[in-house]
Every structure is written in structure tokens, then in C-alpha cells.
Amino acid sequence: MKKYILLTLLCLPFLVAAQTKVKETDVPKSVLLTLEKTYESYKVKTWYQAPGQYIADFVTDGQNGRCYFTASGEWQYSAFPVDLNECPTLMNTYFVNNYPGYRIKTTEYVEEMSGDNYYRLVIVKKGIGSNDCELIFDTRGKLQKSTAPDPEVVKRDYYAHTNPDETMEIQKNSAEDNSRAHRATKRREKSVEDVPEYERPMPSDAITANFNKRYPATRLKSGPDWYLRGDEFVAYYTNNQKNDFEAVYNIETEQLVRTGKVLQKERYTSAILKYLNEKYKDEKYKVEKMVVYEYDAKYRGEDGKKPKPYTYVVVSQGKGNAKKYTRMEFDNTGRFTGLLAQPLDERDVQ
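These numbers come from a predicted model, not from an experiment. (Residues numbered from 1 in each chain as written. Predicted model: local features only at pLDDT ≥ 70, side-chain atom pairs only at ≥ 80, totals over all residues. Heavy atoms only, no water.)

> So, the overall build of the protein chain: which residues are in play, and what are the values?
Counting its regular elements, the protein chain contains nine helices and 17 strands. Burial status across the protein chain gives 41% buried among its 350 residues. Sequence-distant contacts, at least 24 apart, represent 45% of the contacts inside the protein chain between residues at least 6 apart. (Helix = DSSP H or I, 4+ residues; strand = E, 2+ residues; numbered from the N terminus. Buried < 20%, exposed > 50% of the residue type's maximum accessible area, 1.4 Å probe, protein only. Contact = heavy atoms within 4.5 Å.)

In C-alpha cells:
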């Protein structure tokens, strides 16, 4: 993606703030001619002028958007608001997994004169007085540029805020273990029975109570085994029929988001296997895991609708320490929708 285009786009809030409404008769003919060449069918609702720019608030093919031109008449780019469910799954997954405690203000699809089109998210931390940040993704949903804080810092701060007692305990333990000699002494003096068995964070009482109500111990053969994944807690469990499941809870709302059924090999989706065989036709691979997720009846997405089911797949290649894992998502028809970048849970490869 060209750097100057991105820099122009990142200045967009300033340009919008400085714009003034103008009549079409005040717009240079070079700008009007460029608009005609760029879009075959369109209708301009309002013209604006900004420093060094003319902006058309227009409709083309039934879609509202804004078209940006230089004062000399060159087309720069056009931005169209889009629903989040129309964007690549990979893009939405990146935001959800890396920016807990943030919300999306704007989602746009951008067309630029070079033909290098992309998606733009404007996100902001929930609360008062937070600054807007921008995330730029290519048309496949892969992150290209960001003005947002480091995701690891965001997730660490969010977890510390939502789990203050445990964070203080971790800090206390870290201070006590500050000396290497002290750590070595502890290893010598403590028996295996003295070492805490559990080191992973645990969900809130509300989440645990919700899970126990939905899945009583009498209905389970094993579990739940809890893991923290981004801004979600995942409960891995096995029912009395020896089928493996997952229950995914949102940390902030403490509500069940979706459940996943881990498929047995003989029940793998044929359309997905066909895609994998074509993708890895000259390479050896193994499906480590295939999970069909369905959203809870009460859950609603950004558009107020219940999202459709989807399938999550983990594929491995190689052996031993050289083993490589790839995480993918497919829609409810078995169509590939994107790769996932977040780290694997150890339960994904067991």
C-alpha cells in the first residue's frame, strides 16, 4: 500500500473538520470531469471544500460514499461505510482478539486511484476522553498499518483492570522471585507437592456459575478446563457421550458468546477437506482440530443480528520442534473466510 495514500487517509479527521459546503457551480470543471471518468453512474448529494481538496458526498450503485479530489482535479480515493459483517472475518477476529475494552466507531471500504483498495477501522477505548485510533487492513483482512496501541499492552492492561486481585498477586510473586539465587533456593527446598498446580487465570464467579448451571457436573465426563483467549474465557469439556465441546464467554459482559463442538475425523466437513486438499496438494498436512461454533441464542453482533455458525480449523505441517500450525475459519457453507493470527491454545493441538 502506498505510504502517501495512507498518510492522506490518516489525516482524514482533520480534513473533515475543516471542510465547508460549496455549490456545484463553485467546483472546478477538472474535478467534475474526473468524477465522471471515475464512476459511470452516480449522484452527488453535497459538495465540500477543504484545504487543497474537494469532497463529493455521493451515491453510486445504491451505496453512499465520499469521493476525494485534489484542487487540480486528481482523484485521490473514495470511502464507503460498510457493515462489519461484510468485512473479512480475519479483520474482525484481529480486532476482537487484540483490543478488548475498545469499540468500533467507523468501518469503511476505501478505493484509491492505484487500485490498492483496503478496509479502515476507527476504534476507540471505551470510556470518556479517549482518542480515536485507526487500523488499516487489506481486502483479505490482513493488518497493514495501525495507529492503535500495542495489542500486548492493551490486553495486559485490560486483564489487570478486570482482574485486579490476581494482578496484584502476580506482581507480589514476581517481586519475591526477583533474585535468581532466591529462585534456585526455592527450587531446592520445595517439593513437587508444594508447587502451585494452577498457574492460569480463572474466570469470574459469574461466568463459572453460568457454566455450571448450563452444564451440570452430572452431564460431564471431564472438565471444564479453562483457558484465557484474548478477551474471552474458553471452557473445554467432555460430555457423558465422550464428545468434546467448548463454551466461550466474554470477560467484560460475563455472558456466553458461543459454543463449539469438536468434530470427530469421520465427521469433518467435506467442503473444507476439499479446500485443504487443494491448498496443500503438494504438501503433507494434518487436521489437528475442526470445531463448529454456534452463537448463543441471546448473543447479537454489531448489527444487532445473531451471527451465523462457522467452523474453526487447525492444520499442522512438519514434525517435532519444526511443526508449523495454521489456524483458519470457514463459514457455515464450508467456504474459506480467512486465516487467524492469534496464538494457539495448547488445547488446540492436543
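> Account for helix 5 (residues 151-162), with residues named and values stated.
In this model helix 5 runs 16 Å from its N-terminal to its C-terminal C-alpha over twelve residues, within 8% of the 16 Å that 1.5 Å per residue would give. All buried positions along helix 5 are accounted for by P151, V154, K155, Y158 and Y159. Down the axis, helix 5 shows its buried residues gathered within 125° of arc, on one side only. Counted as exposed and oriented over 90 degrees from the buried face of helix 5: R156 and H161. Put simply, D150 is the residue that caps the front of helix 5, since its side-chain oxygen is 2.8 Å from the backbone nitrogen of E152. (Expected span 1.5 Å × (residues − 1). Arc of directions from axis to C-beta. Polar contact = N/O pair within 3.5 Å; in protein donor to acceptor, adjacent residues only side chain to side chain.)

> Any details on the sheet that holds strand 16 (residues 324-331)? Residues and values, ideally.
Strand order in the open sheet formed by eight strands is 10-11-12-13-14-15-16-17, with antiparallel pairing between adjacent strands. Each having just a single partner strand, strand 10 (220-229) and strand 17 (336-340) make up the two edges of the open sheet. The average angle at which neighbouring strand axes cross in this sheet is 25°, direction not considered. As paired elements, strand 16 and strand 17 share four bridges and run antiparallel to each other. Residue pairing across strands places M328 opposite L339, the latter belonging to strand 17. (Pairing = 2+ DSSP bridges. Axes fitted to C-alpha atoms, helices over the stretch in contact; angles between N-to-C directions.)

> Quick rundown of the packing of aromatic side chains? Include the residues and the values.
Applying the stated rule across the entire model yields 25 aromatic pairs. Geometrically, the ring pair formed by Y39 and F58 is tilted, given 5.2 Å between the ring centres and 55° between the ring planes. You can see Y39 sitting in the loop between helix 3 (29-38) and strand 2 (43-50) and its partner F58 sitting in strand 3 (residues 53-60), a full 19 residues away along the chain. Classification of F58 as buried rests on a relative accessible area of 0%. Here the aromatic cluster, defined as three or more aromatic residues joined through ring pairs, consists of F211, Y215, W226, F233, Y237, F245 and Y249. When the ring centre of Y293 is taken as origin, the NZ or CZ atom of R258, which lies over that ring, is 5.2 Å away. (Phe/Tyr/Trp six-rings, centres within 6.5 Å; stacked < 30°, edge-to-face > 60°. Lys NZ or Arg CZ within 6 Å of the ring centre and 35° of its normal.)

> Got a sec to walk through the nonpolar core? Specific residues and values, please.
Counting 17 residues, the largest nonpolar core has M91, F95, Y99, Y119, L121, I123 and L135 as its most contacted members. Among the secondary structure elements, those contributing two or more residues to this core are helix 4 (89-98), strand 6 (102-112), strand 7 (118-125) and strand 8 (132-138). Not counting residues within four places of it along the chain, the set of residues in contact with L135 comprises Y99, Y119, R120, L121, I123, L143, K145, S146 and A148. (Core = buried A, V, L, I, M, F, W, Y, C linked by side-chain atoms within 4.5 Å.)

> Quick one: what's the story with the confidence of the model for the protein chain, residue by residue and with numbers?
For the protein chain, mean pLDDT is 82; residues scoring 70 or higher make up 81% of the total. Taken as a whole, residues 1-17 scores under 50 in pLDDT and shows 34 contacts with residues more than four places along the chain or in a different chain. Note that residues 188-198 has pLDDT below 50 and, in this model, zero contacts with residues that lie over four places away or in other chains. (pLDDT = per-residue confidence, 0-100.)

> So what's going on with unusual backbone geometry? Which residues, and what values?
Residue P224 is bonded to the preceding G223 through a cis peptide linkage, with omega at 5°. Looking at where P224 falls in the secondary structure, it is placed in strand 10. In this structure, D61 is a non-glycine residue whose phi angle is positive, near 55°. Within the secondary structure layout, D61 lies in the loop between strand 3 and strand 4 (63-70). Unlike most non-glycine residues, K242 shows phi in positive territory, near 70°. Checked against the element boundaries, K242 lands in the loop between strand 11 (232-239) and strand 12 (244-250).

> Hey, could you go over the packing of helix 4 against helix 5 for me, with residue numbers and the actual values?
Direction vectors running N to C along helix 4 and helix 5 enclose 45°, while the axes themselves pass 9 Å from each other. Considering the angle they form, helix 4 stands oblique to helix 5. Contact residues: Y94, N97 and N98 in helix 4; P151, V154 and K155 in helix 5. For the contact of helix 4 with helix 5, the residue count by class is three nonpolar, two polar and one charged. (Parallel < 35°, antiparallel > 145°, perpendicular 65-115°, else oblique. Nonpolar A, V, L, I, M, F, W, Y, C, P; charged D, E, K, R; others polar.)

> Explain helix 3 to me, using residue names and the numbers behind them.
Taken together, the buried positions of helix 3 are V31, T34 and L35. Down the axis, helix 3 shows its buried residues gathered within 100° of arc, on one side only. Counted as exposed and oriented over 90 degrees from the buried face of helix 3: K29 and K37. Summarising the contacts, the buried residues of helix 3 are in contact with strand 2, strand 3, strand 4 and strand 5 (75-81).

> With reference to specific residues and values, describe the sheet that holds strand 1 (residues 20-22).
With respect to topology, nine strands assemble into an open sheet ordered 1-2-3-4-5-6-7-8-9, the strand pairing being antiparallel. The open sheet has two edge strands with one neighbour each: strand 1 and strand 9 (143-146). On average, adjacent strands in this sheet sit at an angle of 30° to one another, irrespective of strand direction. As paired elements, strand 7 and strand 8 share seven bridges and run antiparallel to each other. The residue of strand 8 that forms the bridge with R120 is I136.

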